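For reference, the chains in residue letters:
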Amino acid sequence: MNKYALNTWYPLTWSRDIRHELSSHRIVEQDVVVYRAAAGEVVAMEDLCPHRFLPLSMGRLKDDNIECGYHGMTFDCSGTCVRVPGQDMVPPKARVVTYPTHENMGLVWIWMGDPELADTSKVFDLPQYHDPDWSVAEGDALKINANYISLADNLCDPAHVNFVHLSTLGNSAGEDVKIQFEVQEDKIVTWRWINDAPPIPLFEKFGNFSGNVDRWHYYHYYAPIIDFGSAATGTGAPEGARDNCIQIYACHFMTPVDDGTTIDHWLHVKNFQADADMNTALSNEFRKAFLEDKTILEAIQEKEDQFKGRQKLKIAIDAAPIRMRKMIETMKAAEETNQT
Amino acid sequence: MAKVTYIDKSGNVYKADVEDGLTLMQGAVYNDVPGIDAECGGACVCATCHIYIDEEWREKVGRPNDVESMTLEEVDNIRPSSRLACQIEVDSGLDGLVVHVANG
């Protein structure tokens, strides 16, 4: 079976980082050369000259064409060869594979599978991202030396917050509160409510709460690589009243680079306005929290490599991560069936 | 000008009018005959325009020179009738020529 689901939109990199210049990116173990064409669209193609296999990213961008840095074979935005220095005739089959791209939520998304199936209306979108009552702050491209499924585990898992993020997103309240989850068509929601408890450090700093709060923490996972954690805090949760809460979506858009590398593109969207200083302060809190996850996931990856095939213990809080893995396997199996 | 018949590996027939001075490779590429990739553009380097000349035309078309023979040594489906289409210039003397494309 394929190692990765391919017929899906993957986040490749921040839009802010793609300019009219060549850059190389690795995703699902493929190297892709990317640039922004003069008209603004993002061009992505296999980072390989079909002549001697020099990465095209080592060449030059000439107008909207890539000129290979070795012998000057030149390819246009569609990957078609338009020039072979030293011969009059361009071989009709000389071309480079291109990949569909689309931009949304500050990111360049790429389709590594069957291009016929690439439907840009299916690119992930969080409506609140565009809502003027909410505000957005972009985060980092956090490189984690761990498999993306390990990060996805972490993002279907509110239980780790009590133990990993004690200085930011968690406290000891609610350690024993049961995790709930629901499997939907292409997503898994995992959550728990911790009511009448002290606010977590993040909301202590930014929430202006006095006394105990109700906190609800949801993870929305869309297979295979999208997750946003919704952390909301207010009062009145048991009665279903959530109007006066502060709510933050911490979005994670995972780029599976290879077996042991993932880039977590994260940003946050919140139901209040913030100035640059406050956004920076909030981002610093998230950055600290996600580095805590990175430390954990990288240590686990080392042990997984050391103890390949060794069975892991499965406990109650694993119910959602197990179904997440199953969902990815089902996606990959469907692609194989459709191919044959 | 010559009327040239190209037959691809699957047996499909392509009839082309090829101007004097063009090569059989150019005649194939300009008429979208499959199996003639012409990577080197006619420099006798890549052997991706490998064809077989029909028995009765072999004399008229001629034999490969040393350079072409060396390039042909690189192909794995070589036969006595093998030629590189880029090395055969067309004139009216080849009107009616039939060639078989070696690669699919």
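For the structure itself, look to the data block above.
Quick summary incoming for the structure in this document. Predicted model only: the values in this text are computed from it and were never measured.

Some words on the pairing of strand β1 (residues 2-7) of chain B
All names here are of chain B.
Next, step 1: Among the six residues of β1, five are classified as buried, and the element is accordingly described as predominantly covered.
Next, step 2: Across six bridges, β1 lies against strand β2 (residues 13-18) in antiparallel orientation. Across the sheet, residue A2 finds its bridge partner in β2, namely V18.
Next, step 3: Where β1 lies against strand β5 (residues 98-101), three bridges are found, and the strand directions are parallel. Bridging across to β5, Y6 finds its partner in V99.

Thoughts on the interface of chain A and chain B
Next, step 1: Listed by partner, the interface residues are five residues for chain A and nine residues for chain B.
Next, step 2: Both faces combined, the contact of chain A with chain B buries some 590 Å², and carbon together with sulfur accounts for 61% of it.
Next, step 3: Considering only the surface of chain A that becomes buried against chain B, Q87, M89 and K93 of chain A emerge as the three largest contributors, covering 72% of it.
Next, step 4: Between chain A and chain B we count one salt bridge in total.

Let's talk about empty space enclosed by the protein
The probe, sized like a water molecule, is rolled over the atoms to show the empty space still left.
Residues and elements named next belong to chain A.
Next, step 1: Counted according to the given criterion, the structure contains four cavities of 30 Å³ or more.
Next, step 2: Roughly 210 Å³ of volume is contained in the largest cavity.
Next, step 3: In this structure, the largest cavity is lined by 21 residues; those nearest its centre are L169, H217, Y219, A250 and F286.
Next, step 4: For the lining of the largest cavity, the elements supplying multiple residues, two or more each, are α3 (201-206), β14 (213-222), β15 (226-234), β16 (246-258) and α4 (276-306).
Next, step 5: Taken together, the residues that form the lining of the largest cavity break down as 12 nonpolar, seven polar and two charged.

Section: the side chain of T74 of chain A
Next, step 1: Assignment of secondary structure puts T74 of chain A in strand β7 (residues 74-75).
Next, step 2: Sequence-distant contacts of T74 of chain A, that is, excluding residues within four places in its chain, are made with N65, I66, E67, T80, C81, V82 and R83 of chain A.

Regarding the sheet that holds strand β4 (residues 82-84) of chain B
Residues and elements named next belong to chain B.
Next, step 1: Read across the sheet, five strands follow the order β2-β1-β5-β3-β4 without closing on themselves; strand pairing throughout is mixed. If you trace the sheet from one side to the other, it starts and ends with β2 and β4, each paired once. Across this sheet, the average inter-strand angle for adjacent strands is 35°, counted without regard to direction.
Next, step 2: Across three bridges, strand β3 (residues 50-53) lies against β5 in antiparallel orientation. Looking across to β5, one finds that I51 is bridged to V101.

Quick look at unusual backbone geometry
All names here are of chain A.
Next, step 1: Between A223 and the following residue, P224, the backbone shows a cis peptide bond with an omega angle of 0°.
Next, step 2: Take P224: it is sitting in the loop between β14 and β15.
Next, step 3: Phi is positive for D196, which is not a glycine, with a value near 55°.
Next, step 4: Residue D196 is classed as exposed on the basis of its relative accessible area, which comes to 57%.

Regarding the pairing of strand β1 (residues 9-14) of chain A
Residues and elements named next belong to chain A.
Next, step 1: Extensive coverage of β1 is indicated by the burial of six of its six residues.
Next, step 2: Bridging between β1 and strand β10 (residues 107-111) involves five bridges; their strand directions are antiparallel. By the bridge assignment for β10, T13 is matched with V108.

Looking at the sheet that holds strand β11 (residues 135-144) of chain A
All names here are of chain A.
Next, step 1: Pairing is antiparallel across the open sheet formed by seven strands, whose spatial order is β11-β17-β16-β15-β14-β13-β12. Unpaired on one side and paired on the other, β11 and β12 (180-183) mark the two borders of the sheet. Here the average twist between neighbouring strands, direction ignored, is 15°.
Next, step 2: For β11 and strand β17 (residues 261-270), the ladder comprises eight bridges, and the chain directions are antiparallel.

Focus: the packing of aromatic side chains
Residues and elements named next belong to chain A.
Next, step 1: If you walk through the whole model with that rule in mind, you get 14 aromatic pairs over all chains.
Next, step 2: A connected cluster of aromatic rings, assembled from ring pairs, spans W109, F124, W134, Y222, F228, Y249 and F253.
Next, step 3: Geometry around F272 places K270 over its ring, the cationic atom sitting 5.9 Å from the centre.
Next, step 4: Lying over the aromatic face of F307, R310 brings its terminal NZ or CZ to 4.6 Å of the ring centre.

Overview of the layout of surface pockets
All names here are of chain A.
Next, step 1: Each pocket or cavity is described by its volume, and for the largest pocket that value is around 1,200 Å³.
Next, step 2: For the largest pocket, the lining is made up of 38 residues, of which D153, I300, E304, K312 and R325 are closest to its centre.
Next, step 3: Mapped by element, the contributors of at least two residues to the lining of the largest pocket are α1 (148-154), α2 (161-164), α4 and α5 (319-339).
Next, step 4: For the lining of the largest pocket, the leading source of residues is α4, giving seven residues.
Next, step 5: A class-by-class count of the residues in the lining of the largest pocket yields 15 nonpolar, seven polar and 16 charged.
Next, step 6: Estimates place the volume of the second largest pocket at around 790 Å³.
Next, step 7: Lining the second largest pocket are 28 residues, and of these N7, T8, W111, A223 and M331 lie nearest its centre.
Next, step 8: Among the elements that make up the lining of the second largest pocket, the one with the highest residue count is α5 (seven residues).
Next, step 9: Class assignment for the residues of the lining of the second largest pocket results in 14 nonpolar, seven polar and seven charged.

Thoughts on the state of the cysteines
Next, step 1: A full pass over the atoms with the stated rule returns zero disulfides over all chains.
Next, step 2: Summary of cysteine pairing: C44 of chain B is not part of a disulfide, and the nearest cysteine sulfur, belonging to C86 of chain B, is at 5.3 Å.

What counts, and where the lines are drawn
Residues numbered from 1 in each chain as written. Chains lettered and ligands numbered in written order. Predicted model: local features only at pLDDT ≥ 70, side-chain atom pairs only at ≥ 80, totals over all residues. Heavy atoms only, no water. Buried < 20%, exposed > 50% of the residue type's maximum accessible area, 1.4 Å probe, protein only. Helix = DSSP H or I, 4+ residues; strand = E, 2+ residues; numbered from the N terminus. Pairing = 2+ DSSP bridges. Contact = heavy atoms within 4.5 Å. Buried area = accessible area lost by both parts, 1.4 Å probe. Salt bridge = Lys/Arg side-chain N within 4 Å of Asp/Glu carboxyl O. 1 Å grid on protein atoms, 1.4 Å probe; cavity = no way out; pocket = protein on both sides within 12 Å on 5 of 7 lines; lining within 4 Å. Points joined across faces, edges and corners; volume = space filled by probe spheres on them. Nonpolar A, V, L, I, M, F, W, Y, C, P; charged D, E, K, R; others polar. Axes fitted to C-alpha atoms, helices over the stretch in contact; angles between N-to-C directions. Phe/Tyr/Trp six-rings, centres within 6.5 Å; stacked < 30°, edge-to-face > 60°. Lys NZ or Arg CZ within 6 Å of the ring centre and 35° of its normal. Disulfide = S-S within 2.5 Å.

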